[in-house]
Amino acid sequence: MKGALAWPFLRLYALTLLYFSANSILNVIIPLKGESLGASNSAIGIVMGAYLFTTMFLRPWAGQVIHQWGPVKVLRVILVINALALSLYTFTGLGGFFLARMLQGVCTAFFSMSLQLGIIDVLPEKDRSQGISMYSLCASMPGVIGPLLAVNIWEAGEMSTFTVVLIGIAVLTGAVGFSATIQTGADHRPIVQKSGMRGSFGQLLTNPDLFRCSVLMLAASIVFGAVTTFIPLYAAQIDHGSAAVYLMLQAAMIVAARFFLRKKIPSDGQWHPAFVAWIMTALTAASLCTGLSSISGFAVFYCGALFMGLAQALLYPTLTTYLTFVLPKLNRNVLIGLFIAMADLGVSLGGVVMGPVADWLSYAWTYYICAVLGGLLLLFVYCKRVND
């Protein structure tokens, strides 16, 4: 097989699948554990958000560190730190979870940047969107099985099983990661001028392409974060609702859409507002269905999961692929790191900001607000279309 499905890339996708397996379990266990300890939704949101909030701060520099030390050396170090973080979950409480989430955030910043930048630099332009979609697909695949496994572990009350599973994931990921090789193209030079890092931050506002994509990704990720954080708690209020089924349907849609629609994602460097607007429509429908399910029942609840998975599957690879064409090559990797950091920030805010909303109002109103946000993004896309 050639292109994005060549053997070296398949090994990297397998490593990605293993690395993100733990999160598919922790995204369910942490909210349930926090609730059992009497934590508020705000506190649970902070613990959940600590993961990608930490990642957000480190992404812009990750490319430079990877260039200086080499992706293989960096990968091996972060796999050791990741194993330490996973071990903390097995014997600590909510405070230990917070520290573990931060350590995971450090690891993910370097792990995902090294793999994604390698894919971007090595693959030809026509295969770039497929490579990014396959990476994202493998990062999402654990979500198909992980939530069900997590719910079964929690309901059985066998936390020793939880310990064995997490340690097993850490060991297996380390074994595959230590034997992996990552090659990058000759132009993989994320080093910029001394003042370039500050200038790169400024381009979040001054570069119209980066600004447009960052706003869309930030706001949409707030919705994704609200789902990840509160669905395990909200599902209990839905007749015949199951958090495991919702998250599995969402993940299954992500996997299916990223595989079967990967060739439909534009990879020509052109802005396609109608395609992006269609994704935002799915996001809005997903939020509305999820909120309305409190009065409409489980069928609407699960429809929301499918729409949410579709939007999540297509938005990130679409915007990332577009930026790889239009951003200046001199500091492209740093700017892409900033864009991905906006996605991280959005997911974190989905827990941190929406937590108080859930405390003051309800989970349903949390998702109503997310639907309004999705509608505003739809208008934002069409406004930019007129300006273009």
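Residues numbered from 1 in each chain as written. Predicted model: local features only at pLDDT ≥ 70, side-chain atom pairs only at ≥ 80, totals over all residues. Heavy atoms only, no water.

K.L.:
Looking at this model, I keep getting lost on the overall build of the protein. Mind explaining?
P.N.:
When helices and strands are tallied, the protein shows 16 helices and zero strands. Buried positions account for 59% of the 388 residues belonging to the protein. The long-range fraction of contacts in the protein, counting pairs at least 24 apart against all pairs at least 6 apart in sequence, stands at 85%. Split by element, the accessible area of the protein, about 15,400 Å² in all, is 69% carbon and sulfur. (Helix = DSSP H or I, 4+ residues; strand = E, 2+ residues; numbered from the N terminus. Buried < 20%, exposed > 50% of the residue type's maximum accessible area, 1.4 Å probe, protein only. Contact = heavy atoms within 4.5 Å. Areas by Shrake-Rupley, 256 points an atom, 1.4 Å probe, with all protein chains shown as cover.)

K.L.:
What is the right way to read helix α7 (residues 142-156) from this model?
P.N.:
Think of an α-helix as turning once every 3.6 residues; residues three or four places apart then point the same way. Between its first and last C-alpha atoms α7 spans 21 Å; for 15 residues at 1.5 Å apiece the expected length is 21 Å, and the two agree. Of the residues making up α7, those classed as buried are Pro 142, Gly 143, Gly 146, Pro 147, Ala 150, Val 151 and Ile 153. Within α7, the buried residues cover an arc of 160° as seen down the axis, which keeps them to one side. Along α7, the residues that are exposed and aim more than 90 degrees away from the buried face are Ile 145, Glu 155 and Ala 156. (Expected span 1.5 Å × (residues − 1). Arc of directions from axis to C-beta.)

K.L.:
Is there a simple way to explain the environment of Ile 369 in this structure?
P.N.:
Among the structural elements, Ile 369 can be located in helix α16 (residues 363-387). In this structure the C-alpha to C-alpha distance between Ile 369 and Ser 287, which are 82 residues apart in sequence, comes to 8.3 Å. Not counting the four nearest positions on each side in its chain, Ile 369 is found in contact with Met 354 and Val 357.

K.L.:
What's the story with the environment of Gly 174 in this structure? I'm lost.
P.N.:
Relative to the helices and strands, Gly 174 resides in helix α8 (residues 159-178). Residue Gly 174 is classed as buried on the basis of its relative accessible area, which comes to 13%. Separated by 155 residues in sequence, Gly 174 and Tyr 19 have C-alpha atoms that sit 8.8 Å apart.

K.L.:
I tried to follow the pattern of salt bridges on my own but got confused; where do I start?
P.N.:
Opposite charge on two side chains allows them to pair when their charged atoms are near. Tallied over the full model, the rule gives one salt bridge. Arg 212 is the salt-bridge partner of Asp 209, the closest N and O atoms lying 3.3 Å from each other. In this pair, Asp 209 and Arg 212 both sit in helix α10 (residues 208-234), three residues apart, roughly one turn of the helix. Of the residues examined, Asp 209 reaches a relative accessible area of 18% and is grouped as buried. (Salt bridge = Lys/Arg side-chain N within 4 Å of Asp/Glu carboxyl O.)

K.L.:
What am I meant to see in the state of the cysteines here?
P.N.:
Two cysteines joined by a covalent bond between their sulfur atoms form a disulfide. Enumeration over the complete set of coordinates arrives at zero disulfides. With no disulfide partner, Cys 289 has as its closest neighbouring cysteine sulfur the one in Cys 303, 5.8 Å distant. Overall, the relative accessible area of 17% leaves Cys 289 in the buried class. (Disulfide = S-S within 2.5 Å.)

K.L.:
Explanation requested: the packing of aromatic side chains in the structure shown.
P.N.:
Two descriptors summarise a pair of aromatic rings, namely the distance from one centre to the other and the angle between the planes of the rings. Going through the model one piece at a time under the given rule, you end up with 16 aromatic pairs. With centroids separated by 4.1 Å and ring planes inclined at 10°, the aromatic side chains of Tyr 19 and Phe 111 adopt a geometry described as stacked. Of this pair, Tyr 19 sits in helix α1 (residues 7-19) while Phe 111 sits in helix α5 (residues 94-122), and the two are 92 residues apart along the sequence. A residue is classified by how much of its surface remains accessible, and Tyr 19, at 5% relative accessible area, is buried. When the ring of Tyr 234 is compared with that of Phe 301, the centres are 6.0 Å apart and the planes differ by 75°; the resulting orientation is edge-to-face. Note that Tyr 234 is positioned in helix α10 and Phe 301 in helix α13 (residues 298-326), a separation of 67 residues in sequence. Per residue, the accessibility class of Tyr 234 equals that of Phe 301, and both read buried. Every member of this aromatic cluster is reached through a ring pair, and the members are Phe 230, Tyr 234, Tyr 246, Phe 298, Phe 301, Tyr 302, Tyr 363 and Tyr 367. Stacked on the ring of Trp 271, the Lys or Arg Arg 212 has its end atom at 4.1 Å from the ring centre. (Phe/Tyr/Trp six-rings, centres within 6.5 Å; stacked < 30°, edge-to-face > 60°. Lys NZ or Arg CZ within 6 Å of the ring centre and 35° of its normal.)

K.L.:
Mind showing me how you'd approach a nonpolar patch on the surface here?
P.N.:
Side chains of Ile 46, Phe 98, Met 102, Val 352 and Val 353 sit close together on the surface and give an oily, nonpolar patch of about 370 Å² of accessible area. For Phe 98, the location among the structural elements is in helix α5. (Patch = residues over 30% accessible without salt bridge, like charges linked within 9 Å, V, L, I, M, F, W, Y side chains within 5 Å.)

K.L.:
How should the packing of helix α4 (residues 71-88) against α5 be read in this particular structure?
P.N.:
The axes of two packed helices give the description: the angle between them and the distance between them. Between α4 and α5, the shortest axis-to-axis distance is 9 Å and the interhelical angle comes to 160°. Between α4 and α5, the interaxial angle falls into the category roughly antiparallel. Taken as a pair, α4 and α5 cross one another with a handedness that is left-handed. Residues Pro 71, Val 74, Leu 75, Ile 78, Ile 81, Asn 82, Leu 84, Ala 85, Leu 86 and Leu 88 of α4 pack against Gly 96, Leu 99, Ala 100, Leu 103, Gln 104, Cys 107, Phe 110, Phe 111 and Ser 114 of α5. Its residues assigned to classes, the contact of α4 with α5 comprises 15 nonpolar, four polar and no charged. (Axes fitted to C-alpha atoms, helices over the stretch in contact; angles between N-to-C directions. Parallel < 35°, antiparallel > 145°, perpendicular 65-115°, else oblique. Left-handed = near helix turned anticlockwise from the far one by under 90°. Nonpolar A, V, L, I, M, F, W, Y, C, P; charged D, E, K, R; others polar.)

K.L.:
What exactly am I supposed to notice about the nonpolar core here?
P.N.:
Side chains that are nonpolar tend, in soluble globular proteins, to be buried together. Formed by 121 residues in total, the largest nonpolar core has its most connected members in Tyr 89, Phe 111, Ile 231, Tyr 246, Leu 283 and Phe 339. Those residues in contact with Leu 283, other than ones at most four positions away along the chain, are Ala 220, Val 223, Phe 224, Met 308, Ala 311, Gly 374 and Leu 377. (Core = buried A, V, L, I, M, F, W, Y, C linked by side-chain atoms within 4.5 Å.)

K.L.:
It is not clear to me how the packing of α13 against helix α14 (residues 332-352) should be interpreted in this structure. Could you clarify?
P.N.:
At their nearest, the axes of α13 and α14 sit 10 Å apart, and the two run at 155° to each other. It follows that α13 is roughly antiparallel to α14 by the angle criterion. As α13 runs across α14, the sense of the crossing is right-handed. Residues Tyr 316, Leu 319, Thr 320, Leu 323 and Thr 324 of α13 form the contact with α14, whose own contacting residues are Arg 332, Ile 336, Phe 339 and Ile 340. Residue composition of the contact of α13 with α14, by class: six nonpolar, two polar and one charged.

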